[in-house]
Each structure stands twice: as C-alpha cells, then as structure tokens.
Amino acid sequence: MEVIIQESEQDSCVLAARIVASHVRAKPDAVLGLATGTTPIPFYQELVRLYLEKQVDFSRVTTFNLDEYVGLSPEHPQSYHAYMRKNFFDLVNVPEKNIHIPDGMASDVETFCSEYEREITDAGGIDIQLLGIGHDGHIGFNEPTSSLSSRTRIKTLTRQTLEANARFFESGSPVPHHVITMGIGTIMESRTCLMLAYGAGKAAAVARMVEGPLTAAFPASILQYHARAKVILDRAAAGQLTLTEYFEWVYRNKPSWQRP
Ligand code: F6R
C-alpha cells in the first residue's frame, strides 16, 4: 500500500486527478471505476478542469460505478446516477454507451448483478478504481463483515451509514436501506485502487485501514492485500497514523519516473 500525504484536500484531489488523467493519456480506452459521496467531488472538479484544458480526453473511456441505492430511479435527485451526471458525465465526453452504474430499479437484482460483473469482465477489467472510506471501514457499500471475496450484490446499509448519508436527502425523506454494490472481490480485481480521504473525521478509519489488522470487520483493511493500492490523504486524515514520517520519506524519495 502506498500512502501519500498531501498538505490539503485540494492538493490530494489535484494529485489523484493527475494520476487518473495520466493513466487515460497512456491508455485512452481505460476502464475507470468511479465512486460517489462527498470525497470525490473536488476530484471530479479537477478532472473536469483537465478535460476543459484538453489535457485529457474521455471519448474512449469506459466507466463502472461502485454502487446505487435500491428503489431510486436514475432521475431521482439523490440517486448516484444523478450525482454522476451532475458532477462528471454532463461535463466531460465519456460516451453514454460506455457508462455503467448499477440499476437501483432492477426487477431481478441477482440477474442484474451477475450481468454487471460480466460487463466488467467483457470490458477487460477495471484499470483504476476510485474509492472513499466510510467511518465503519466500508468501501463501496461493503459494510463490516462483508465477505472479502464478495461480488456485486444487494447489501443492507448499517444504521451508521444511513445516518451519515441522511445529509444528502431532504429532511423527512427516508434514505433507502438497500444498495447494489460491487463486492470486495470485484474491487480487489481492479489493477489499481485509488483511495482518497481527507479531514480529521476520517483519521481513525484511515489508521485502521492502513495500520490495523486485515479483517472483514473493517473492509477497507483488505487494501493492505492489494498489489497496487494508493491511498492519498490530507494531513488531517493522516493524523492518527504512526508511520507518517516513513510514508513522507518514501514519497519524497520516489524516483521521478514513478511520479504521475
Ligand atoms: C460511494 C461509496 C462509499 C463512499 C463512502 C465515503 O460510491 O461507495 O463507500 O465512498 O461512504 O463517503 P463520503 O465521501 O461521503 O465520506
């Protein structure tokens, strides 16, 4: 696991966007795994900026999103379809036919999920999977005790996640209890995992992910087992790590050819 500590949230997002853009320049038909939530918003803003400056072109890229709420149509303002349109797809040139987001309205969820897995395989697998971390260690919506080899499926959100996500819903309107999410096994097959976290509120979760034991009770800890996991943090999110000095030393001494 490569842990990169940046001074600010903005610096973290600029670096993450640079990594994704340089990957797409090297492989114009790259397959990107995308995430939603608060964390990726400034990352998408930076990626859109690079696109508008013609530093990256998404016309041959394929995308797969991690998750979607069950019961929300793509038009629902709190759906992840709507989030992705607003924050990324309406602003760049990913072809509509190359965009994949789990269908929260699927009538046969199991068949939909196996089909989603098949589409990822047919696309050649995910090159870079963007991730955020939940306070309980979830990645995608793989809540604690999710099988470490799970595939795309329906999951029930924990009370903690429901409460955390209620901020996106109008007061009184309920947060759906179920989601379709890529599994941990699906995420682990991505060639690179790119985790972003910032703010002191994420510091405890980041420390458990990076330095805690590998356990299904804290799903993000599985990234310790991934051959190419990059974790980009601002200083506040790195605040509870014990190996900070080592991580900074490694990053400072990285050979120039390894930098994006
Ligand atoms: C979103 C997702 C979740 C979020 C996590 C952190 O697609 O899969 O795992 O990354 O809940 O959310 P934020 O960024 O809102 O703190």
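Look up a bit, the structure's there.
Residues numbered from 1 in each chain as written. Predicted model: local features only at pLDDT ≥ 70, side-chain atom pairs only at ≥ 80, totals over all residues. Heavy atoms only, no water.

If you walk through the whole model with that rule in mind, you get 12 salt bridges. For Glu2, the salt bridge goes to Lys254, with nearest N and O atoms at 2.5 Å. Taken together, the residues Glu2 in strand β1 (residues 2-6) and Lys254 in the segment after α8 (244-252) connect sequence positions 252 residues apart. Looking at Glu2, the relative accessible area reads 19%, which means it is buried. Looking at Lys254, the relative accessible area reads 11%, which means it is buried. Residue Glu248 pairs with Arg235 through a salt bridge whose shortest N-O separation is 2.6 Å. Taken as a pair, Glu248 in helix α8 and Arg235 in the loop between β10 (229-234) and α8 lie far apart in primary sequence, 13 residues in all. The class for Glu248 is partly exposed, based on a relative accessible area of 21%. (Salt bridge = Lys/Arg side-chain N within 4 Å of Asp/Glu carboxyl O. Helix = DSSP H or I, 4+ residues; strand = E, 2+ residues; numbered from the N terminus. Buried < 20%, exposed > 50% of the residue type's maximum accessible area, 1.4 Å probe, protein only.)

This part takes up empty space enclosed by the protein. Counted according to the given criterion, the structure contains one cavity of 30 Å³ or more. Within this model, the largest cavity holds a volume of roughly 50 Å³. If you go around the largest cavity, the residues you meet are Val20, Leu32, Gly33, Leu34, Phe43, Leu47, Ile128, Leu130 and Leu194. Of all elements in the fold, only β2 (31-34), α2 (41-52) and β6 (128-131) reach the threshold of two or more residues within the lining of the largest cavity. Per element, the largest residue contribution to the lining of the largest cavity is three residues, and it comes from β2. Taken together, the residues that form the lining of the largest cavity break down as eight nonpolar, one polar and no charged. (1 Å grid on protein atoms, 1.4 Å probe; cavity = no way out; pocket = protein on both sides within 12 Å on 5 of 7 lines; lining within 4 Å. Points joined across faces, edges and corners; volume = space filled by probe spheres on them. Nonpolar A, V, L, I, M, F, W, Y, C, P; charged D, E, K, R; others polar.)

Here we come to the pairing of β2. The two faces of β2 match: Val31 and Gly33 on one face and Leu32 and Leu34 on the other face are all buried. The pairing of β2 with strand β3 (residues 62-65) spans four bridges and is parallel. Across the sheet, Gly33 pairs through a bridge with Phe64, a residue of β3. Sheet topology note: the β2/β6 ladder contains two bridges and is parallel. Bridged to Gly33 within β6 is Gln129. (Pairing = 2+ DSSP bridges.)

Let's shift gears to the packing of aromatic side chains. Evaluated as defined, the whole model comprises 14 aromatic pairs. Between Phe64 and Tyr116, the aromatic rings sit 5.7 Å apart at their centres with planes inclined by 80°, giving edge-to-face as the arrangement. Residue Phe64 is found in strand β3, and its partner Tyr116 is found in helix α4 (residues 109-122); the two are separated by 52 residues along the sequence. Here Phe64 falls in the buried class, since its relative accessible area comes to 0%. With a relative accessible area of 1%, Tyr116 lands in the buried category. Residues Tyr80 and Phe141 carry aromatic rings whose centres are separated by 6.3 Å and whose planes lie at 15° to one another, so their mutual orientation is stacked. You can see Tyr80 sitting in helix α3 (residues 80-89) and its partner Phe141 sitting in the loop between β6 and β7 (153-156), a full 61 residues away along the chain. Here Phe141 falls in the buried class, since its relative accessible area comes to 5%. Clustering of aromatic rings is evident, with ring pairs tying together Phe43, Tyr44, Tyr51, Phe58, Tyr69, Tyr80, Tyr83, Phe88, Phe89, Phe141 and Phe169. When the ring centre of Tyr251 is taken as origin, the NZ or CZ atom of Arg259, which lies over that ring, is 5.0 Å away. (Phe/Tyr/Trp six-rings, centres within 6.5 Å; stacked < 30°, edge-to-face > 60°. Lys NZ or Arg CZ within 6 Å of the ring centre and 35° of its normal.)

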